[in-house]
Structure formats: C-alpha cells, structure tokens
Amino acid sequence: MKATVALLLAFAGFSSALVYQHQLKHVESAMQKLIREGKWPERFAEKAAARSTGGEGVTDYDDVVYVATVQVGTPAQNFDVILDTGSSNFWVPDATCRVLACSNKHKFNGSASSTYSSQPGQSFTIQYGTGSARGVLATDKLCLGEANLCYNTQVFGRATSIADFFRNQPLDGILGLGWPALAVDHVTPPMQNLLPTLDMPVFTVFLSRVGAQDGVRNGGLFTYGAVDSTNCDSTWNYVPLSSQTYWQFVMSGVSAGSYSQNTNWQVISDTGTSFIGSPQTVANNIAQQMHATYNNQYGLYMLPCNSNVPNVVFTIGGQQYTIPKDEFVEPLTAGSSQCYLTWFGFNGGGFGPTWILGDTFIRTYCNLHDVGQARIGFAQSHNPHK
Ligand SMILES: *[C@@H]1O[C@H](CO)[C@@H](O)[C@H](O)[C@H]1NC(C)=O
C-alpha cells in the first residue's frame, strides 16, 4: 500500500516536472570531410580571401560535429540543426530554395503545414564569414526533443538562398540559443519562448566524446529545464555573464607547460564552434608548448600524433579548469600519424569576445546555461578519457 502511494507520488512528480531531453548526433564535419577528400586547402584559401576583404566574424560552421533533430509544422517536418549557443536565430532551408547548396537539405514546405503562417513576412539576412543565409520570416510550431517541448508560434527564417559553403555541411539549418540581443531582426529566440513552460529557466549541455565516428546517435544531450545529473558531476561552479548577447563571461588565466598568462579576457562558450579560439599570440604560445607548427595550407596547427603535449588549464571565476591534452590533438584523417590542434588564433575587433570556448572545452565540462540568473555554470562531465 505504502509502496503504491509512493509510486503514484513519484509518477505525479514526474509528469509535472517539465524537463525535456534532446539527443545529439555526432557527425563528420565539413572540415573533416574536405580534408579527407583533399579539398580543404582550397576551402581554407577561400575563407582567408573572404576575411581579407572584410568578411565579418569567424563563424562558418565548417567544424560542426554535433547536430540535433527539430520538428517544424503540423504534421511535423524534421530538420537536422546545430543547437548553437553562439547565435540567436532559427532558420531552415525553404522548399523554394533553388541554389545548389539547398539541393541535399531537408526543406520546409509551409503549404504542407496546418499551423503555418506567412507572418511576419519580412526578409532576413544572416551574415557568416564566407556568405549568408537569406529569406523571409514566417511562423509555425517548433518542437525540440522527442517532439514534446513545443512552442506553437515560433518566428523563424525560411531560407530561400544559402551560401555555397553550406553544401558540405552536415546540417539543414541553425537553431540559436544565444540571448535576444544577438537576434537578427529582433526575433524572439526559441529558448525565450519555451522557458516559461520549464521547471527551471535553465538548459544543460553535455557533449560526448565519440571520436571521429559518423552518425552516432548518442553524441550528447541537451536538457531543458534541469541540471543534467546523469552526465555531469554534482559540483557546479558559476560565473556571472559579463554580457547578455553570447554566453559571455570573464576568464582570468590560461596555462600550458611552461607558458602562462593572466589577463581578464572576455570569452564565450559556444556549441557552434568545435575548437578553442584564442587571441593569436596566445594560440602561438600554446602551439609552441605543444610542439605544433602552423600549416598555411590547412590553416591548422599540426604536430605528429605521438607528440608529448601538456594539459591546458583555464582559470574562470577563481576555479581552475583542466582540459586533458587528448582533447586538443586530432588525427588529420582516420589513422593518420599527422595530427592537428583543436585550437585556432583570431584577433577580434577590439571589443567583444576575444576567446571562443567551443566543443573542446564543453566535452570536458558540462555547461549549465542559467537564463533566469544570467550566469553560466561548469561541472566535470562524465566523459571517459579517449
Ligand atoms: C508542398 O506541399 C503541398 C501540399 O502538401 C504540395 O502540394 C506541394 O507540392 C509541396 N511543394 C513542394 C515544393 O514540395
């Protein structure tokens, strides 16, 4: 009898707990694919040219390795998107997109959805490092997870033209989980619409370490409305956000081997970037500690795979975060004895973030995105070492 009551209560507790989980797939990135096909140096040269002619930003999604499925419309139309904490708009390719880059994507057909509205109808353009996605804003039902965390009137971009570089990418579109201030055309981002339905105004990101395997379903987990206590350690350390645009905060130090520097940098955590991006001089110093040399053709720091490299330690909010050396060293192609560092240097334009802590960091530390308290938390993830 007692057991029955307890069970019923547990059940009641479960059904009212509005927590949703969203599995990620691990995929081969555009960069990995192009390296394998011998086409990466050409692509890298294009990027370098675009940057020198004033192309903005470093985001181009070439190194995306985690995607998730979302549903748009009624009945649901499925799209593989990157859940990108470094941007704040949601868009998918539209059925009317005729450019080559759209040809092998899932495309949204508004006429096939009973919940679709063509409003607000204005045009949008999202600029990336080497091109853009353009189209019109419309409204429809959006569901995350296993079709159970839904918002009925999400404004999103129907992209009618996407830059050629998207052709190689293992994704249909992008779902931004950054703050509203970053959103193009002031569209309310999905998370802000979904938060009121959740138990807690937070989402936790866990990325698994699955190596170079392609299409692996358990690539990671986004947990909306709760802390992920299965994949993450119970000790969380928080830092306040220094800007509610990206998930931006202050990092006060970095060290590796005999190199260390203490400076208050503005940094962002970004699931849309695989690597660690740092100021160029820091990148050069880190590479030197790892006995890696910059390869102009590939745009990567390269080293023999059997090199002895040190761990890297970040200091954030007075806590030290150690990233194991294995996280930084990836084979150029499967089985290759030549490796590259998952680290790149960039010099931002004076203000704004000067570091990007991408998947290399997030695989080691789960990230708790606390929207309600405008802070971000980190806990050791339960990933096994490689
Ligand atoms: C969109 O859906 C409608 C209704 O199901 C269908 O008639 C039409 O052919 C579809 N258009 C495209 C481009 O797939």
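Residues numbered from 1 in each chain as written. Predicted model: local features only at pLDDT ≥ 70, side-chain atom pairs only at ≥ 80, totals over all residues. Heavy atoms only, no water.

A. Representation of the packing of aromatic side chains. The tally for this structure, following the rule as stated, stands at 30 aromatic pairs. Ring plane angle 70° and centroid distance 5.3 Å describe the contact between Tyr-294 and Tyr-301, whose orientation is recorded as edge-to-face. According to the relative accessible area criterion, Tyr-301 is buried, its value standing at 4%. By way of ring pairs, the aromatic residues Phe-249, Trp-265, Phe-314, Tyr-321, Phe-328, Trp-343, Trp-355, Phe-361, Tyr-365 and Phe-378 are connected into one cluster. (Phe/Tyr/Trp six-rings, centres within 6.5 Å; stacked < 30°, edge-to-face > 60°. Buried < 20%, exposed > 50% of the residue type's maximum accessible area, 1.4 Å probe, protein only.)

B. Structural detail: the state of the cysteines. Applying the stated rule across the entire model yields four disulfides. Shown here is the disulfide that connects Cys-97 with Cys-102, its sulfur atoms set 2.1 Å apart. Negative torsions about the S-S bond denote left-handed disulfides, and the value of about 90° found for Cys-97 with Cys-102 makes this one right-handed. One disulfide bridge connects Cys-305 with Cys-339, the sulfur atoms lying 2.1 Å from each other. Taking the sign of the S-S torsion, 105° for the link of Cys-305 and Cys-339, the bridge is right-handed. (Disulfide = S-S within 2.5 Å.)

C. Broad picture of the sheet that holds strand S21 (residues 338–341). One open sheet holds the four strands; their spatial order is S16-S17-S21-S20, and the pairing between them is antiparallel. Each end of this open sheet is capped by a strand with a single partner; those strands are strand S16 (293–295) and strand S20 (329–331). Strand-to-strand twist in this sheet, taken as the mean axis angle between neighbours without regard to direction, amounts to 45°. Pairing between S20 and S21: three bridges, direction antiparallel. The residue bridging Val-329 from the neighbouring strand is Leu-341, located in S21. (Pairing = 2+ DSSP bridges. Helix = DSSP H or I, 4+ residues; strand = E, 2+ residues; numbered from the N terminus. Axes fitted to C-alpha atoms, helices over the stretch in contact; angles between N-to-C directions.)

D. Region of interest: the site of the ligand. Residues in contact with the ligand, as listed here, are Ala-95, Asn-109 and Ala-112. Out of a free accessible area of 360 Å², the ligand has 32% covered by protein chains. (Near = heavy atom within 4 Å. Areas by Shrake-Rupley, 256 points an atom, 1.4 Å probe, with all protein chains shown as cover.)

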